[in-house]
Amino acid sequence: MAGMPCRIESTSVPPSEPGSPATSPLPECLAWIEGEIDALRAAGLERGARVREGRQGGEVCLDGRTLLNFGSNDYLGYAGDVRLTKAASKASCAEGFGAGASPLVSGHSAAHAALERAIASLLAVEAALVFPSGFAANTATIAALVGPADFIASDERNHASIIDGCRLSRARIGIYRHRDLGSLEAVLSMAHEARRRLVVTDTLFSMDGTIAPLAALCDIARRHDAMLFVDEAHATGVFGRRGGGLVEETNTADGVHVRVGTLSKALGAAGGFVAGNARLIHWLRHAARAWIFSTAHPPGVAAAATRAIGLVGEEPRRRTELRGRAAEFAGRLRTAGLDIGAAEAQIVPIIAGAPSAAVALAERLAAEGFFVPAIRPPSVPRGGSLVRASLSWLHDDKDLDRLAAALATHGR
Ligand SMILES: Cc1ncc(COP(=O)(O)O)c(C=O)c1O
């Protein structure tokens, strides 16, 4: 069905398209926005949201066209799984749809409490705290751990939510080169006067598909008396014998002090979490402002995430098969001469360079029935635009064979 129309008319109009009913002149005080958008357009960086119809799956219907879907974070295929929908409906019927308040007031429902227990058990830690999003979990937790008297060492390829959390904290920030231990040591050597030190990293990097050297980071953090904070957003459910992420996979739990993850990617639901020592979590209930001052996410969403954690335990086959196929796929692209950087997981970037080259490649792939989104600055550095193939357990060998062949034709 890939490439076939999934409805008659297309639904999305880029908001800035001339003649769109959504376009009206800006009031004078906002007129500067036109200049900014013109500049983005000239640089090949203007974006418009696509409209999806139906569920996430191995295929997806975007703007009226069905494509093989390599553009979701639904790594294990749970986002459209009816078992999550049923768990969500049951909890919504019992507890209502909206949480109705922030967690400290009355928003923390039985479904949230059960989810926090399930996360703590999956990660084999004492406690967890659930946030409305992974983005909020990162920003709030970093800002709760360090302040102006402190120092953060941050990998240059960390996710935007980590970058924003670092800025929000007002700590001094040292950026170290991607996964470069010497660079991290050099950055930390400038921080001995700081009150506290925090090393922060994604475990599986969302744009590069690379993996942080966790054992070495634990060693460096210990030697520099630093807290080690990891973001497992793309690894939870996919890595680790029980699906607990790369910390579990690399047996580094003793050296990692703060573990953030999302419920929105392999777990197919929504929300974020922080997990670790019970006293750390207790502190965050007093200091993590995006948790304190934001309405808890809907109980049905929490129940769906809890169900997904159960499925991660019951269906280990999904992660082993996904990882096996991802390794094979990456090997084939390298053999075909494609530049996929140092990708080593289910996220496979095909590096295109200029934004226009990435967009053109994504368009050629779409014409052949594949959704493989172009990723441009600010999501990646200038000159590093790419198309990113995010693999899901829902893809079979034939799907990957077809994409590898199309990339070999169009991607060099
Ligand atoms: C590495 C990383 N951390 C955090 C987040 C934010 O998670 P969420 O989408 O649950 O807000 C993302 C989202 O893309 C991510 O890639």
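Rules behind the numbers
- Residues numbered from 1 in each chain as written.
- Predicted model: local features only at pLDDT ≥ 70, side-chain atom pairs only at ≥ 80, totals over all residues.
- Heavy atoms only, no water.
- Helix = DSSP H or I, 4+ residues; strand = E, 2+ residues; numbered from the N terminus.
- Rg over C-alpha atoms; globule rule 2.2 N^0.38 Å.
- Buried < 20%, exposed > 50% of the residue type's maximum accessible area, 1.4 Å probe, protein only.
- Contact = heavy atoms within 4.5 Å.
- Areas by Shrake-Rupley, 256 points an atom, 1.4 Å probe, with all protein chains shown as cover.
- Lys, Arg positive; Asp, Glu negative; His and termini not counted.
- Charge placed at Lys NZ, Arg CZ, Asp CG, Glu CD.
- 1 Å grid on protein atoms, 1.4 Å probe; cavity = no way out; pocket = protein on both sides within 12 Å on 5 of 7 lines; lining within 4 Å.
- Points joined across faces, edges and corners; volume = space filled by probe spheres on them.
- Nonpolar A, V, L, I, M, F, W, Y, C, P; charged D, E, K, R; others polar.
- Domains from an automatic or database assignment.
- Pairing = 2+ DSSP bridges.
- Buried area = accessible area lost by both parts, 1.4 Å probe.
- Salt bridge = Lys/Arg side-chain N within 4 Å of Asp/Glu carboxyl O.
- Polar contact = N/O pair within 3.5 Å; in protein donor to acceptor, adjacent residues only side chain to side chain.
- Near = heavy atom within 4 Å.
- Expected span 1.5 Å × (residues − 1).
- Arc of directions from axis to C-beta.
- Axes fitted to C-alpha atoms, helices over the stretch in contact; angles between N-to-C directions.
- Parallel < 35°, antiparallel > 145°, perpendicular 65-115°, else oblique.
- Left-handed = near helix turned anticlockwise from the far one by under 90°.

Visitor: Explanation requested: the overall build of the protein chain in the structure shown.
Guide: Of regular secondary structure, the protein chain possesses 15 helices and 14 strands. Here the C-alpha radius of gyration of the protein chain, 22 Å, is about what a compact globule of 412 residues would show, namely 22 Å. A principal-axis box enclosing the C-alpha atoms of the protein chain has dimensions of 55 × 55 × 55 Å. Out of the 412 residues in the protein chain, the part that is buried amounts to 52%. A fraction of 71% describes how many contacts in the protein chain between residues 6 or more apart in sequence connect residues 24 or more apart. Accessible surface computed for the protein chain: about 18200 Å², of which carbon and sulfur atoms make up 55%. When the 44 basic and 43 acidic side-chain charges of the protein chain are each reduced to a single mean position, those positions are 3 Å apart.

Visitor: How do you make sense of the layout of surface pockets when you look at a structure like this?
Guide: Rolled over the atoms, a probe with the dimensions of a water molecule shows which regions are left empty. If you add up the space inside the second largest pocket, you get close to 290 Å³. In terms of lining, the second largest pocket is formed by 13 residues, of which the most central are N158, A160, P378, S379 and V380. A class-by-class count of the residues in the lining of the second largest pocket yields six nonpolar, four polar and three charged. Each of domain 1 (49-79 + 316-410) and domain 2 (82-314) contributes no fewer than three residues to the lining of the second largest pocket.

Visitor: What is the right way to read the sheet that holds strand 1 (residues 52-53) from this model?
Guide: Picture the strands of a sheet paired through backbone hydrogen bonds; they go either parallel or antiparallel. The four strands lie next to each other as 1-2-3-12, forming an open sheet whose pairing is mixed. What marks the edges here is a single partner per strand, and that holds for strand 1 and strand 12 (370-371). As paired strands, strand 2 (residues 59-62) and strand 3 (residues 65-69) are joined by four bridges and run antiparallel to one another. Pairing of L62 across the sheet is with R65, part of strand 3.

Visitor: Would you take a moment to explain the domain arrangement of the protein chain for this structure?
Guide: Often, the extent of an interface is quoted as the loss of accessible area upon association of its parts. Entries for the protein chain in the domain assignment read domain 1 (49-79 + 316-410) and domain 2 (82-314). Here the C-alpha centre of domain 2 lies 25 Å away from the C-alpha centre of domain 1. On the side of domain 2, 32 residues touch domain 1, which itself brings 25 residues to the contact. Approximately 2200 Å² of surface area, both sides summed, lies buried where domain 1 meets domain 2, with 52% of it carried by carbon and sulfur atoms. When the area that domain 1 buries against domain 2 is broken down by residue, the three leading residues are Y78, R319 and R323, summing to 31%. Our count for the domain 1 to domain 2 interface comes out at two salt bridges. Our enumeration of links across domain 1 and domain 2 arrives at 11 residue pairs in polar contact (both at pLDDT 80 or more). The set of elements that each furnish at least two residues to the side of domain 1 that touches domain 2 consists of helix 13 (316-335), strand 11 (347-353) and strand 14 (385-390). Element by element, the count of residues in the side of domain 1 that touches domain 2 is highest for helix 13, at five residues.

Visitor: Explain the environment of I162 here, please?
Guide: When you line up the elements, I162 lands in helix 6 (residues 160-169). In the structure, I162 is positioned 55 residues away from L217 in sequence and 17 Å away in space, judged by C-alpha atoms. With residues near it in sequence (within four places) discarded, I162 still touches N138, I142, S154, V200, T201, D202 and D231.

Visitor: Where do I start with the site of the ligand in this structure?
Guide: Within the structure, the ligand sits among 15 residues, and G134, D231, H234, S264 and K265 are positioned closest to it. Between F135 and the ligand, the recorded distance is 3.0 Å, taken from a backbone N or O atom to an oxygen atom. Between the ligand and K265, the relevant distance is 2.8 Å, taken from an oxygen atom to a side-chain nitrogen or oxygen of the residue. The fraction of the free accessible surface of the ligand (390 Å²) that becomes covered by protein chains is 83%. Counting residues per element, the shell around the ligand draws most heavily on helix 5 (residues 134-145), which supplies three residues. Of the residues assigned to the shell around the ligand, the class counts are two nonpolar, 10 polar and three charged.

Visitor: Please clarify how empty space enclosed by the protein should be interpreted in this entry.
Guide: Summed over all chains, the structure comprises one cavity of 30 Å³ or more. Its boundaries defined by the atoms lining it, the largest cavity holds a volume of some 80 Å³. P103, H112, V130, W291 and A296 are, among the 13 residues lining the largest cavity, the residues nearest its centre. Taken together, the elements giving at least two residues each to the lining of the largest cavity come down to helix 4 (110-123), strand 4 (127-131) and helix 11 (289-292).

Visitor: What should I look at first to understand helix 13 in this one?
Guide: An α-helical turn contains 3.6 residues, so a residue and the one three or four places further along point in the same direction. Taking 1.5 Å of rise per residue, 20 residues should cover 28 Å, and helix 13 covers 29 Å from first to last C-alpha, within 8% of that figure. For helix 13, the complete set of buried residues consists of R318, R319, L322, R325, A326, F329, A330 and L333. Taken around the axis of helix 13, the buried residues stretch over an arc of 140°, which confines them to a single face. Projecting away from the buried face of helix 13 at angles above 90 degrees are the exposed residues R317, T320, A327, E328 and T335. Contact partners of the buried residues in helix 13: helix 2 (82-95), helix 12 (299-314), strand 11, strand 14 and helix 15 (397-410).

Visitor: What's the story with the packing of helix 13 against helix 15 in this structure? I'm lost.
Guide: Think of two packed helices as two axes; the pair is described by the angle between the axes and how far apart they sit. Taken N-terminus to C-terminus, the directions of helix 13 and helix 15 make an angle of 20°; their axes are 10 Å apart at the nearest point. In terms of orientation, helix 13 lies roughly parallel with respect to helix 15. Of the two possible hands of crossing, helix 13 and helix 15 adopt the one that is right-handed. Touching R325, F329, R332 and L333 of helix 13 are D397, L400, D401, L403, A404 and L407, all from helix 15. Of the residues in the contact of helix 13 with helix 15, the class split is six nonpolar, no polar and four charged.

Visitor: Just checking my understanding: could you explain the pattern of salt bridges for this structure?
Guide: Close approach of charged atoms allows side chains with opposite charge to pair. One pass over the structure, following the stated rule, counts 21 salt bridges. For the salt bridge of D38 with R41, the shortest nitrogen-to-oxygen distance reads 3.3 Å. Note that D38 and R41 are positioned in helix 1 (residues 32-42) at a spacing of three residues, about one turn of the helix. With a relative accessible area of 40%, D38 lands in the partly exposed category.

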